[in-house]
Amino acid sequence: MSSETISALNETDCEYTVTHSKAKAFYETYERKEELQHQTHFCPGCGHGIVHKMLARAIDELGIQNKTILVGPVGCSVFTYYYFDVGNIQAAHGRAPAVATGVRRSRPESIVIGYQGDGDLSAIGAAEILHAANRGENITIVFVNNAIYSMTGGQVAPTTLLGQKSSTTPNGRSAATEGYPLHVSELLATLEAPVYIERVGLGNNKQIAQATRAVRRAVENQVRGLGFSLIEVLSPCPTIWKMQPVDAQHWVRDVMEKTFPLGVFCDRTKEAQPRQLPEAAPELSEIPKILGVDSESLPEGNAHVLGHRAKELDLRVRVAGFGGQGVLLMGEVLAEAGLDAGLEVSWLPSYGPEMRSGTSNCHVRLSRQPIDSPLVTQPNVLVAMNEPSLRKFYANVPSGGWIVYNGETFPADCEREGVHVLACEFTQIANELGNARASNMLMLGALLEITGVLPEASVDAALRRLVKNPRFVEVNERALARGRELYKESIEGVAHTI
Ligand SMILES: Cc1ncc(C[n+]2csc(CCOP(=O)(O)OP(=O)(O)O)c2C)c(N)n1
């Protein structure tokens, strides 16, 4: 696949040179298994190779190779990262527009192109494309419509033609059972935001030339900052259609095109202005300054208890219990207080579909360093609000960590060497305070005292922000204070500790 130069002598002995060169946006070589080195992933006559070439040429011509990020999802489109020497991201099925949105917004200097098949874009990803188009994201989507799920062996897609056979419509697609072919370009063109939507085909060389121009325009629109462009390419799939490559190309032109007419469905490029997003959110490191707090001046606390020095604070908390026990609120108060104190924080809820009585848990991280992942798999504090939650998570607490457990006796078989335990009948104590549902704040109070890193004022501010009803604020404050005492008493041997 490297560049080649063909030299020849014509009849009059004048030397002339024709140079065929591969687009620079393609890799020099495609790394595959040895026996497959001579071929691409695509079947003979497949349209993907042709569309790849158009896109690579557009990237070359616009001089954007070093800032292009290609988002390839699932389906035969997935292979883009083997061929394009640009930034590559592989998205989950149908999610390319959502991923492209995130990438383009967080790296405004980049050119982000989603490359999707019809199953991917119009079935599982129907919502993503609709909303990205409706927001007018400044991205380009190349939509390769071959009217079928190819990679998985030919199941019906939303774009399959009426009467077209597929492995899941062996007698042909029927409008009565599978609905009508989805006209994605026409549908998206009804929206106000998109800048340019065109359907092109690979049915003959003339169509291919038009498709090449359209793909380039769609990318150029993004370079100009104009907003959302989508090119739908009617593309042959001889293998799954069970046709010879030439017949498949004719089928695009003679049959597919009747259902999916070619043309420009929306073109606002002339009147469109470069898209302006509201000012970006402040850098994380700026937030403490904005809030007027200085995390360096936080109390040293008992960070050493958790096996790290205060300056390297990395509090990883897992709160677990039943829905309705205030598991998520407790995590939120902790995270919000951390934010108030100028720390990096994350809060990730995880719960079942039930509103009450199902299991519920959340992951909270507080750190002085930027947080890489919000997942807490090895909590240095586990707050277990009932026995099933304790049994589910206790084994993941590393040595030096703490378990705060809502129960009078800590199950002996959950004891682990080097893991500290504070076990109390928190629900009963909360009941005595006037509200059994304040057990979460009792346990939070104990946790705050164990870790000692958050100033009381930050916790108080967080509580008042999250609990609006003054009646509940008051009981929660008492619960927090009592929880702190319970920990102190436990050190004196009142509660059970290991
Ligand atoms: C979440 C998820 N669901 C289903 C699949 C299986 N799957 C892989 S490729 C594919 C079909 C893709 O079809 P299309 O987008 O039309 O692309 P083509 O292969 O035709 O180019 C499916 C359903 C998957 N990988 N992930």
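Everything discussed here concerns the structure shown above.
A brief look at the structure comes next. (Residues numbered from 1 in each chain as written. Predicted model: local features only at pLDDT ≥ 70, side-chain atom pairs only at ≥ 80, totals over all residues. Heavy atoms only, no water.)

### A look at the sheet that holds strand β11 (residues 344-351)
Turning to step 1, where the next piece is worked out: The strand order across the open sheet built from six strands is β11-β12-β10-β13-β14-β15, with neighbouring strands paired in mixed fashion. The outermost strands of the open sheet, each flanked by one partner alone, are β11 and β15 (420-424). When strand polarity is set aside, the average angle formed by the axes of neighbouring strands in this sheet is 10°.
Turning to step 2, where the next piece is worked out: Two elements, strand β14 (residues 402-406) and β15, share five bridges in a ladder whose sense is parallel. The residue of β15 that forms the bridge with Trp 402 is His 420.
Turning to step 3, where the next piece is worked out: Together, β10 (314-322), β11, β12 (359-367) and β13 (381-384) form the strand contacts of helix α12 (residues 327-340), whose direction differs from that of β12 by roughly 10°.
Turning to step 4, where the next piece is worked out: Each of β10, β13, β14 and β15 touches helix α15 (residues 439-451); the most contacted strand, β14, lies at about 160° to it. (Pairing = 2+ DSSP bridges. Helix = DSSP H or I, 4+ residues; strand = E, 2+ residues; numbered from the N terminus. Axes fitted to C-alpha atoms, helices over the stretch in contact; angles between N-to-C directions. Contact = heavy atoms within 4.5 Å.)

### Quick look at the nonpolar core
The nonpolar side chains of a soluble globular protein tend to be buried with one another.
Turning to step 1, where the next piece is worked out: Judged by nonpolar contacts, the single largest core of 46 residues is most densely connected at Val 317, Leu 334, Val 383, Val 404, Leu 444 and Leu 454.
Turning to step 2, where the next piece is worked out: The element contributing the most residues to this core is α15, with eight residues.
Turning to step 3, where the next piece is worked out: The residues touching Leu 444, leaving out its near neighbours within four places in the chain, are Met 330, Val 333, Leu 334 and Leu 480.
Turning to step 4, where the next piece is worked out: Phe 42, Ala 58, Leu 70 and Ile 231 belong to the second-largest nonpolar core, a separate cluster that totals 39 residues. (Core = buried A, V, L, I, M, F, W, Y, C linked by side-chain atoms within 4.5 Å. Buried < 20%, exposed > 50% of the residue type's maximum accessible area, 1.4 Å probe, protein only.)

### Re the packing of aromatic side chains
Turning to step 1, where the next piece is worked out: For the coordinates displayed, the defined rule picks out ten aromatic pairs.
Turning to step 2, where the next piece is worked out: Between the aromatic rings of Phe 42 and Tyr 83, the centroid separation amounts to 5.7 Å while the plane-to-plane angle is 35°, which identifies the pairing as tilted. One end of the pair, Phe 42, is in the loop between β2 (15-20) and α1 (48-62); the other, Tyr 83, is in helix α2 (residues 80-83), and 41 residues separate them in sequence. In terms of burial, Phe 42 and Tyr 83 fall into one category: buried.
Turning to step 3, where the next piece is worked out: Feature note: the residues Tyr 30, Phe 42, Phe 79, Tyr 81, Tyr 82 and Tyr 83 constitute an aromatic cluster, connected by ring pairs.
Turning to step 4, where the next piece is worked out: Across the ring face of Tyr 196, the terminal group of Arg 217 is positioned such that the distance to the ring centre comes to 4.3 Å.
Turning to step 5, where the next piece is worked out: For the cation-ring pair, Arg 471 lies above Phe 472, with the distance from its terminal atom to the ring centre recorded as 5.2 Å. (Phe/Tyr/Trp six-rings, centres within 6.5 Å; stacked < 30°, edge-to-face > 60°. Lys NZ or Arg CZ within 6 Å of the ring centre and 35° of its normal.)

### Description of the pairing of strand β6 (residues 140-145)
Turning to step 1, where the next piece is worked out: Across the six residues that make up β6, a large majority, six, are buried.
Turning to step 2, where the next piece is worked out: A two-sided burial pattern is seen for β6, the buried positions comprising Thr 140, Val 142 and Val 144 on one face and Ile 141, Phe 143 and Asn 145 on the other.
Turning to step 3, where the next piece is worked out: Pairing of strand β5 (residues 111-117) with β6 involves five bridges; the strand directions are parallel. Bridged to Gly 117 within β6 is Val 144.
Turning to step 4, where the next piece is worked out: Pairing between β6 and strand β8 (residues 229-234): six bridges, direction parallel. In the strand pairing of β8, Val 142 is matched with Ile 231.

### Examining the site of the ligand
Turning to step 1, where the next piece is worked out: Around the ligand, a shell composed of 16 residues is seen, among which Cys 76, Gly 119, Asp 120, Ser 150 and Met 151 lie nearest.
Turning to step 2, where the next piece is worked out: Measuring from an oxygen atom of the ligand, one finds a backbone N or O atom of Gly 119 at 2.8 Å.
Turning to step 3, where the next piece is worked out: Protein coverage of the free-state accessible area of the ligand, which is 590 Å², stands at 73%.
Turning to step 4, where the next piece is worked out: Per-element tally for the shell around the ligand: the top contributor is helix α4 (residues 118-124), with four residues.
Turning to step 5, where the next piece is worked out: Taken together, the residues of the shell around the ligand sort by class into six nonpolar, eight polar and two charged. (Near = heavy atom within 4 Å. Polar contact = N/O pair within 3.5 Å; in protein donor to acceptor, adjacent residues only side chain to side chain. Areas by Shrake-Rupley, 256 points an atom, 1.4 Å probe, with all protein chains shown as cover. Nonpolar A, V, L, I, M, F, W, Y, C, P; charged D, E, K, R; others polar.)

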